[in-house]
Amino acid sequence: MITRRRFLRTGALTATAVPFAMRPFLASAQPRATKVLDFQTGADVAKAEQEGEVVYYGHDGEAGIAVLLDAFKKDFPKIKTSYVRLQTGALYAKITAERSAGRFGVDVLQLSDISPAVDFQKKGGWEQYPSPEYAAYKPEYQSTPAGYYGVPGVSFAGISYHRAKVKPEQAPKTWKDIVNPAFKDGISAKLATSGMQHAQWYILRKMYGNDFWQEFAKLRPKGFDARAQLFDRLAKGEDRICALAEYAGYTLYQEKGAEIEFVAPPEGMPAIAIYIGVVNKAPHPQAARLFVDWAMSRRGQQIYQNQKILLYGSVRPDVGPMPTGKKLSDFKLLFPTDWNDYVASHATFVKEWNALMGL
């Protein structure tokens, strides 16, 4: 268990540990910043509006992406938006396959796992664009060297259950309770394409041993692509318990009156940072820069953190608490302690998790 500061610093150091050639970051590469609305941008706004489009690849649900892009379009109505939405694993496979085939149709990429973010940097997939808004972020919330990607938020997950479907004496209190045989055929989690699922698998495996998830497999869990599917089923009582209940999903459904409870185990909750950057060879490079500047600005961070469909805790110091009144510091968050080992574990995770889900 470590603080998110140490986690992100370790992740940044891992990027430098990956053996690949990288252009040195020169002071002369720093773009001239101009103020637009209430934030700084290194983009040529007039050219961005002439380009007239930004193509976004992201991992959030369609409703969440729509909220994000609609807010950007409201600020820049001359720039239309389009997107592709997939879980991080599938999204990364798609963009790398496209680039290998010589197709460069993406402007901005957002991922929910550091492993593909580092790999994309290794492959030269990110443009090294030092957004002026990065000045508001500590180095541990940026790539190393700076300018390839930044962290627009942090998400985390506990346990959730349906009050009418789980007896009070069976209600989970700790992570060990998710392997209770009473939940057989009534428990859900995400698929292996999820960055959050990788984090939970890795952290609990380290805490409880390699056999923990084998016990979980005996419950015949169901796997789904998005948190909306998990909470829809839970709210309807189709599942009794969700083993990977993201706080943002819980608050949204709890507000709608769903008969669900959220458990923050005393051991802590697995957490992930999300990563955003301009894609190299973007078809609309100025619009891409403008979007990333906007996303990392206080203006954009208000959307990431305050829109309940997203609810990503901001690591920017001037944003304030979430709509729930909570800050990231109010939660006990769990991150990998050995970042190199975590990155290296991804292939094992995918193989084991797919088998566990019967895929």
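Residues numbered from 1 in each chain as written. Predicted model: local features only at pLDDT ≥ 70, side-chain atom pairs only at ≥ 80, totals over all residues. Heavy atoms only, no water.

Draft legend 1. Structural view of the overall build of the protein. Per the secondary structure count, the protein includes 13 helices and twelve strands. A compact globule built from 359 residues should have a C-alpha radius of gyration of about 21 Å, and the protein, at 20 Å, falls within 12% of that. Each of the three principal axes of the protein carries a C-alpha extent, and together these read 60 × 45 × 35 Å. Carbon and sulfur atoms make up 50% of the accessible area of the protein, which amounts to about 14,700 Å² in all. The positive charge centre, built from 46 side chains, and the negative charge centre, built from 36, are 1 Å apart in the protein. (Helix = DSSP H or I, 4+ residues; strand = E, 2+ residues; numbered from the N terminus. Rg over C-alpha atoms; globule rule 2.2 N^0.38 Å. Areas by Shrake-Rupley, 256 points an atom, 1.4 Å probe, with all protein chains shown as cover. Lys, Arg positive; Asp, Glu negative; His and termini not counted. Charge placed at Lys NZ, Arg CZ, Asp CG, Glu CD.)

Draft legend 2. Seen up close, helix H8 (residues 227-236). For H8, the set of buried residues is Arg227, Leu230, Phe231, Arg233 and Leu234. Buried residues along H8 cover an arc of 160° about the axis, so they all sit on one side. Elements that come into contact with the buried residues of H8 comprise strand S6 (150-162), strand S7 (187-190), strand S8 (222-224), strand S9 (241-246), helix H9 (247-255) and strand S10 (260-263). Immediately beyond the C-terminal end of H8, within one or two residues, lies glycine 237, with a positive phi of roughly 80°. (Buried < 20%, exposed > 50% of the residue type's maximum accessible area, 1.4 Å probe, protein only. Arc of directions from axis to C-beta. Contact = heavy atoms within 4.5 Å.)

Draft legend 3. How the structure looks around the packing of helix H10 (residues 285-296) against helix H11 (residues 298-306). The interhelical angle for the contact between H10 and H11, taken along N-to-C directions, is 70°, at an axis separation of 4 Å. In terms of their interaxial angle, H10 and H11 are classed as roughly perpendicular. Facing Trp294, Ala295 and Met296 of H10, the residues of H11 in contact are Arg298, Arg299, Gly300, Gln301, Ile303 and Tyr304. (Axes fitted to C-alpha atoms, helices over the stretch in contact; angles between N-to-C directions. Parallel < 35°, antiparallel > 145°, perpendicular 65-115°, else oblique.)

Draft legend 4. Highlighting unusual backbone geometry. Geometrically, the link from threonine 144 to proline 145 is a cis peptide bond, its omega value of -5° lying close to zero. Examined against the element boundaries, proline 145 turns out to sit in the loop between helix H5 (114-122) and S6. Here lysine 281, not a glycine, exhibits a phi torsion of approximately 65°, which is positive. Mapping lysine 281 onto the fold places it in the loop between strand S11 (269-278) and H10. Classification of lysine 281 as exposed rests on a relative accessible area of 52%. For leucine 311, which is not glycine, the phi torsion reads 50° and is therefore positive. On the secondary structure map, leucine 311 appears in the loop between H11 and strand S12 (333-334).

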